[in-house]
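# Summary of structural features
Residue strings, one per chain:
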Amino acid sequence: MSEIFKKNYINSVIFRIDYDNINLDKIWEFSWVISHEFSFLSPKSIESNMFSIDEKWDFKKIQQTNMIWVSKNSDNTKNIEIGNTHLFIEYKTYKNKDILLEDIELINSFLKIFSIDVIKRIWLRYVNIINDEKIKEFIDWNNYINENLLWVVNFTWDDENKLWLRYISNIHLKEDKYLINIISWIYNNDYPNQISKQEFILDYDCFSSFPLIINDSEYSITEIATEMNEIISKLFIKSIKQNLIDIMNG
């Protein structure tokens, strides 16, 4: 998405696959495969809570310890996490989709090493945190963000008795074989105090609505990631106004 502009506001990009529970006994083999891109994978334990109902219909809390494997690249601009049911790569510095598509080749190696035939779900997420010194007041966002994403703000802005503290909008869509979640918001870290820093977040989450059977599917992970990227790029362009485009290309 970022290749359209000279600069971007991308804070995080996450590409994730989910699969049925597997044994990670070959994790060291995969660690060697990705060693040119990531340092050796390290184990990390995470705690999770589950609840069950006993024969007396009382809730019982069950605490589980799961093991995941994590690593970062040499300059800490991206990290990888692998669990028994998921793998994701997160980018903190993101130039263009070419880097993502290159890393998908590493994911394909992972699928072969662990003999994974079915991917239950594929995810692609872009988080943009938009801020600029020209944007000083809440109402200024009307000059940079599509007014259709700001209708609640504009609906109450002329009421002098109201003070804006936080704004969140959530839209769910379906396009072809993908589900899309769009969150536009001003989070306000100082909540419930008045907004002191103008930051507008555009968060796009696109994921597959069908399982991908690796050997039988007409689609590849690379093709799906490319289509998802195009969907999100179009939505981002639709979400902003020319004033913001000028800033990003200035």
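This write-up is about the structure you can find in this document.

Enumeration over the complete set of coordinates arrives at 14 aromatic pairs. With centroids separated by 4.8 Å and ring planes inclined at 85°, the aromatic side chains of W32 and F40 adopt a geometry described as edge-to-face. With relative accessibility at 59%, the residue W32 sits in the exposed group. Here F40 falls in the partly exposed class, since its relative accessible area comes to 38%. Taken together, a centroid distance of 6.2 Å and an interplanar angle of 50° make the contact between F210 and Y219 tilted. Y219 sits in the partly exposed class, given a relative accessible area of 27%.

To continue, consider the nonpolar core. Membership of the largest hydrophobic core comes to 69 residues, with the highest contact counts inside it found for F15, I82, F110 and I145. Those residues in contact with I82 that lie beyond four places of it in its chain are Y19, L24, I27, F30, L41, I68, W69, L87 and F110.

On to the pattern of salt bridges, then. All chains considered together, the criterion is met by 10 salt bridges. Between R16 and D18 there is a salt bridge whose closest N-O contact spans 2.7 Å. With a relative accessible area of 28%, R16 lands in the partly exposed category. With a shortest N-O distance of 2.8 Å, K78 and D103 are connected by a salt bridge. Of the two residues, K78 is situated in strand β4 (residues 78-82) and D103 in helix α2 (residues 97-113); the sequence distance between them amounts to 25 residues. For the pair formed by K78 and D103, the shared burial category is buried. It is possible to trace a salt-bridge network through shared partners that takes in E37, K78 and D103.

What follows concerns the environment of Y191. Relative to the elements of secondary structure, Y191 occurs in the loop between β9 (178-186) and β10 (200-208). Along the chain, Y191 and R166 lie 25 residues apart, while their C-alpha atoms are 7.2 Å from each other. With residues near it in sequence (within four places) discarded, Y191 still touches L165 and R166.

Cut-offs used in this document
- Residues numbered from 1 in each chain as written.
- Predicted model: local features only at pLDDT ≥ 70, side-chain atom pairs only at ≥ 80, totals over all residues.
- Heavy atoms only, no water.
- Phe/Tyr/Trp six-rings, centres within 6.5 Å; stacked < 30°, edge-to-face > 60°.
- Buried < 20%, exposed > 50% of the residue type's maximum accessible area, 1.4 Å probe, protein only.
- Core = buried A, V, L, I, M, F, W, Y, C linked by side-chain atoms within 4.5 Å.
- Contact = heavy atoms within 4.5 Å.
- Salt bridge = Lys/Arg side-chain N within 4 Å of Asp/Glu carboxyl O.
- Helix = DSSP H or I, 4+ residues; strand = E, 2+ residues; numbered from the N terminus.

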